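Chain residues, written in single-letter form:
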Amino acid sequence: MFSLQNAIGTFVSDGDVVALEGFTHLIPFAAGHEIIRQRVKGLTLVRMTPDIIADQMVAAGCVDTMVFAFTGNSSVGSLYAVRRAIESNGTGGLKLEEYSHYGLLARYQAGAAGIPFMPVRSYAGSDLVGINPQLRKVASPYEEDVETYVVPALNPDVAIIHAQRADRHGNVQSWGILGPQQEVAFASKRTILLVEEIVDDDIIRSDPNRTLIPGFVVDAVVECKYGAHPSFAQGYYDRDNDFYRSWSAISKDPQRLQAWIQEWIHETGGHEGYLTKLGEDFFHRLTPTPHLSSPVNYGSVL
Amino acid sequence: MTSVIEKATAPASSPAYTVSELLAVVSCRYLQGKRRVFAGIGLPTLAVALAQKSTSPDIEQVYESGVCGAHPPKLPETIADASLATGAETILTMPVLFGYVLQGGWIDVGFLGAAQIDRFGSLNTSVIGPWDAPTVRLPGSGGAIEVMANSQEVFVVMRRHNTTSFVRELDFCTSPSPIAARRADPKVPTRGAGVTTVISELGVFTSDAEGELCLASIHEGVTVEQVREQTGWPVKVLDSVTVTPPPTEEELRLLRDDIDPGRVYLR
């Protein structure tokens, strides 16, 4: 069990390869903000879908290289800090390593499984092969005249993920859209886990099939309520679509963006301060009506 | 941006409709007889919902987030909305979705969009200009390469039809057609027909036996000459080229009143 500040301070260092995962759902925003607050530099940010959190980290100067498959703000606008750091009329400076979704996911899978590479059915004829030397082609050892593209194993220094709940040992339960969290946790050298709530061992043990990641893979467990805001945590709070829609205007103006980072990240001092600034009643409108699953019967020895 | 369609005058007899409504309706009609569709949010979602309520009640939509058999109480704003997960038939993990469902060959039709498309249906969603110093950085592949390489066929919806989007040569080939893939890497197996159908604001292109996209229909108020002018390659026009039947009152009623009353996607 760690505080957020302590977990980031202990496990994230300048120059690390850091994977922040969560596919629209359960994006570890609070952890990204803490990385910005601690002014970590020179990171290689690995993320299948770099979105607003990536825009913020790039704007704050934390990221040198971005390893990704899709960078955008859903259908509601652009990530202007990321674009300024890439486009020819911008400030430049961001190095890119570009994949597709399955290419990057397969890198996590190979990393998690301890194998050197993973074959994928795509990439033949794509210009990605020309700009990413990691995408290579090998002959099938089993068939005549058949080749396949492969991607290399990826073992990030740190994986940072957010989930609904865990016990104090770090046994993680998650539901809804699962993203690549399990794969990246097993692939990474260290894993920081943020959860909405730490629950009693009995709750986790009442439904072992829901445990996505076993505690032995997790190095730090952080209780961080609302830590995925403005993304969502299924059953806890919905996506803050108003914030997503507002981001383009903030991100487009470099001065306004820096002011936002100062006001909402540095001056809040921590996630608690961020929640205080949002206000006590803020999450009322985002709290969903309960919709419970039916319990399953695991049975018990007579 | 004003579209060509909005400038054209529709015959007085047909109901007034927007480009979004037209694209959704036409996409829906081409889905007839298809079973399992991989589609993101926006117009493809409307097309599938319309198909479910009209011609193809059994059609299933698979989302990139892993959600299958979604029964959302309201239209989702993203492919990974909480409302898509609640009440869904399953939510697959990513290795299952990409590894088994897509690569395993379970998808009949994949829906894709693009900034640029070429004559044989290769797509650019990466950059305008050179990759290392682009004038515009686009989002990138996401799962598009996998959808193209693994679906039995691909439908592309292009809201804007002009010579910068329908191009002779892509600035960057993100997702190659199977023809382009086999040309580059003849020993890598391909699957499916690639892009068979392009639904644009001006008309519909369908692929011929060689995979070339040919003009199959023009929307009402559009001329073949207009399509030629707005397309960056010499357009092959099918002998059977027709005028796209406009949306019917019933199709528009379903879209407006049942499927998207909050106008999340209908604009």
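Residue numbers run consecutively from 1 along every chain, following the written order of its sequence. Key to labels: chains lettered from A, ligands numbered from 1, both in the order written. Per-residue local features are limited, in this predicted model, to residues with pLDDT of at least 70; the limit for side-chain atom pairs, both in listing and counting, is 80 or more; totals at the level of whole chains, interfaces and linings are taken over all residues.

Chemist: Explanation requested: the overall build of chain A in the structure shown.
Modeler: Numbering of helices and strands runs from the N terminus; a helix is a DSSP stretch of H or I covering at least four residues, while a strand is a stretch of E covering at least two. What chain A contains, in helices and strands, is 11 helices and 12 strands. Values of the radius of gyration come from C-alpha atoms, whereas the globule rule sets the reference at 2.2 Å times the count of residues to the power 0.38. The C-alpha atoms of chain A give 20 Å as radius of gyration, which agrees with the globular expectation for 302 residues (19 Å, within 12%). With respect to the three principal axes, the spread of C-alpha positions in chain A is 65 × 60 × 35 Å. For chain A, the residues scored as buried account for 52% of the 302 residues in total. Put simply, a residue is buried when 20 or more other C-beta atoms lie within 10 Å of its own C-beta and exposed when 12 or fewer do; between those, it is partly exposed, and each C-beta is set from the backbone.

Chemist: Can you help me understand the overall build of chain B in this one?
Modeler: From N to C terminus, chain B includes nine helices and 14 strands. The contacts in chain B between residues at least 6 apart in sequence include a share of 63% that link residues at least 24 apart. Two residues form a contact once the distance between their C-beta atoms, set from the backbone, is within 7 Å.

Chemist: Is there a simple way to explain the interface of chain B and chain A in this structure?
Modeler: A common measure of how large an interface is: the accessible area buried when the components associate. Across the boundary between the two partners, chain B contributes 49 residues, which contact 48 residues of chain A. Counting residues per element, the ones that place at least two in the side of chain B that touches chain A are helix H4 (82-85), helix H5 (94-102), strand E9 (136-137), helix H6 (144-150) and helix H7 (178-184) of chain B. With five residues, the single largest contributor to the side of chain B that touches chain A is H6(B). Considered class by class, the residues forming the side of chain B that touches chain A number 25 nonpolar, 17 polar and seven charged. In this classification, Asp, Glu, Lys and Arg are treated as charged, Ala, Val, Leu, Ile, Met, Phe, Trp, Tyr, Cys and Pro as nonpolar, and every other residue, Gly included, as polar.

Chemist: Please clarify how the environment of B:Trp106 should be interpreted in this entry.
Modeler: All names here are of chain B. As for its placement among the helices and strands, Trp106 is situated in the loop between H5 and strand E5 (109-112). Distance from Trp106 to Ser151, taken between C-alpha atoms, is 7.5 Å for residues 45 residues apart in sequence. Excluding anything up to four places from it in sequence, Trp106 contacts Arg36 and Val101.

Chemist: When you look at the domain arrangement of chain A in this model, what are you seeing that I'm missing?
Modeler: Segmentation into domains, and thus their bounds, comes from an automatic or database assignment. By the assigned domains, chain A splits into domain 1 (4-99 + 155-286) and domain 2 (117-152). Each of domain 1 of chain A and domain 2 of chain A has a C-alpha centre, and the two are 31 Å apart.

Chemist: How should the confidence of the model for chain B be read in this particular structure?
Modeler: Low-pLDDT portions of the prediction should not be read for the details of their coordinates. Residues and elements named next belong to chain B. Summary of the metric used: pLDDT quantifies the predictor's per-residue confidence within the range 0 to 100. When pLDDT is averaged across chain B, the result is 91; 93% of the residues are at 70 or more. Low pLDDT, under 50, characterises residues 1-12; the stretch is placed with 22 contacts to residues that sit more than four places away or in other chains. Taken over the whole predicted complex, pTM reads 0.95, whereas the ipTM for its chain interfaces reads 0.96.

Chemist: For this particular structure, what's the right way to read the pairing of strand E11 (residues 195-200) of chain B?
Modeler: One face of the sheet, then the other: side chains in a regular strand alternate in exactly this way. Residue and element names in this part refer to chain B. Burial within E11 is extensive, with six of its six residues counted as buried. Note on pairing: two strands pair once DSSP finds at least 2 bridges between them. As defined by bridge partners, strand E10 (residues 153-158) adjoins E11 across five bridges and the pair is classed as parallel. Counterpart to Val156 in the pairing with E11 is Val198. Clockwise travel from the first strand over the helix to the second, with the strands pointing away from the viewer, marks a crossover as right-handed. Regarding the hand of the β-α-β motif, the stretch spanning E10, H7 and E11 is right-handed. Summarising the sheet, E11 and strand E12 (residues 203-207) pair through three bridges and their orientation is antiparallel. Bridged to Val198 within E12 is Phe205.

Chemist: I would appreciate a short explanation of the environment of B:Thr231 in the present structure.
Modeler: All names here are of chain B. Its location among the elements puts Thr231 in the loop between helix H8 (224-229) and strand E14 (237-243). On the basis of neighbour count, Thr231 is assigned to the buried category, with 24 C-beta atoms found within 10 Å. Along the primary structure Thr231 and Ser151 are separated by 80 residues, whereas in three dimensions their C-alpha atoms are 26 Å apart. Dropping the residues within four chain positions of it, Thr231 is found in contact with Thr163 and Phe166.

Chemist: How should I be thinking about the packing of helix H2 (residues 19-30) of chain B against helix H3 (residues 43-53) of chain B in this particular structure?
Modeler: Residues and elements named next belong to chain B. Where H2 meets H3, the closest approach of the two axes is 8 Å, and the angle between their N-to-C directions is 55°. The angle between H2 and H3 falls in the class oblique. Pair H2 / H3 crosses with right-handed handedness. Where H2 approaches H3, its residues Ser20, Leu23, Ala24, Val25, Ser27 and Cys28 are matched on the opposing element by Leu43, Pro44, Leu46, Ala47, Leu50 and Ala51. Class assignment for the residues of the contact of H2 with H3 results in 10 nonpolar, two polar and no charged. With axes taken as lines fitted to C-alpha atoms, and helix axes fitted only over the stretch in contact, angles between N-to-C directions fall between 0 and 180 degrees. For this classification, under 35 degrees means roughly parallel, over 145 means roughly antiparallel, 65 to 115 means roughly perpendicular, and everything else is oblique. Handedness of each helix crossing follows the sense of rotation of the near helix against the far helix: counterclockwise by less than a right angle gives left-handed, clockwise gives right-handed.

Chemist: Sorry, what's going on with the sheet that holds strand E6 (residues 136-139) of chain A here?
Modeler: Paired through their backbone hydrogen bonds, the strands of a sheet run either parallel or antiparallel. Residues and elements named next belong to chain A. As summarised here, the arrangement of the three strands in space is E5-E7-E6, forming an open sheet in which the pairing is antiparallel. Each edge of the open sheet is held by one strand with a lone partner, namely strand E5 (117-120) and E6. Sheet twist, expressed as the average angle between the axes of neighbouring strands with direction ignored, equals 45°. Against the sheet, helix H5 (residues 101-113) engages E5 and strand E7 (147-152), with an angle of about 145° to E5.

Chemist: I tried to follow unusual backbone geometry on my own but got confused; where do I start?
Modeler: Note: most peptide bonds trans; most residues except glycine with negative phi. All names here are of chain A. Following His229, the chain continues into Pro230 via a peptide bond in cis, with omega recorded as 10°. Within the secondary structure, Pro230 is located in the loop between strand E12 (220-223) and helix H9 (241-252). Of note, Tyr123 is a non-glycine position whose phi angle comes to about 90°, a positive value. By the secondary structure assignment, Tyr123 is in the loop between E5 and helix H6 (128-131). Taking the number of C-beta atoms within 10 Å as the measure of exposure, Tyr123 has 29 and is therefore buried.

Chemist: Help me understand the nonpolar core, please; the structure alone is not making it clear to me.
Modeler: In globular proteins that are soluble, nonpolar side chains generally tend to be buried together. A:Met57, A:Ile192, A:Leu193, B:Leu50 and B:Val156 are the most contacted members of the largest nonpolar core, which has 170 residues in total. Domain assignment of the residues forming this core places at least three in each of domain 1 (4-99 + 155-286) and domain 2 (117-152) of chain A. Ignoring any residue separated from it by four or fewer positions in sequence, one finds A:Ile192 in contact with A:Ala7, A:Phe11, A:Ala31, A:Val158, A:Ile160, A:Asp219, A:Ala220 and A:Val222. Linking buried Ala, Val, Leu, Ile, Met, Phe, Trp, Tyr and Cys residues through C-beta atoms within 7 Å yields a set, and such a set is a nonpolar core.

Chemist: Is there a simple way to explain the packing of helix H2 (residues 29-37) of chain A against helix H3 (residues 52-59) of chain A in this structure?
Modeler: Residue and element names in this part refer to chain A. One way to put it is that H2 packs onto H3 with a least axis distance of 10 Å and a crossing angle of 5°. Between H2 and H3, the crossing angle belongs to the class labelled roughly parallel. Seen from H2, the contacting residues are Phe29, Gly32, Ile35 and Ile36; seen from H3, they are Ile53, Gln56 and Met57.

Chemist: Explanation requested: the environment of A:Phe186 in the structure shown.
Modeler: Note on placement: A:Phe186 falls in helix H7 (residues 181-187). As a C-alpha pair, A:Phe186 and A:Ala159 span 27 residues in sequence and 8.8 Å in three-dimensional space.

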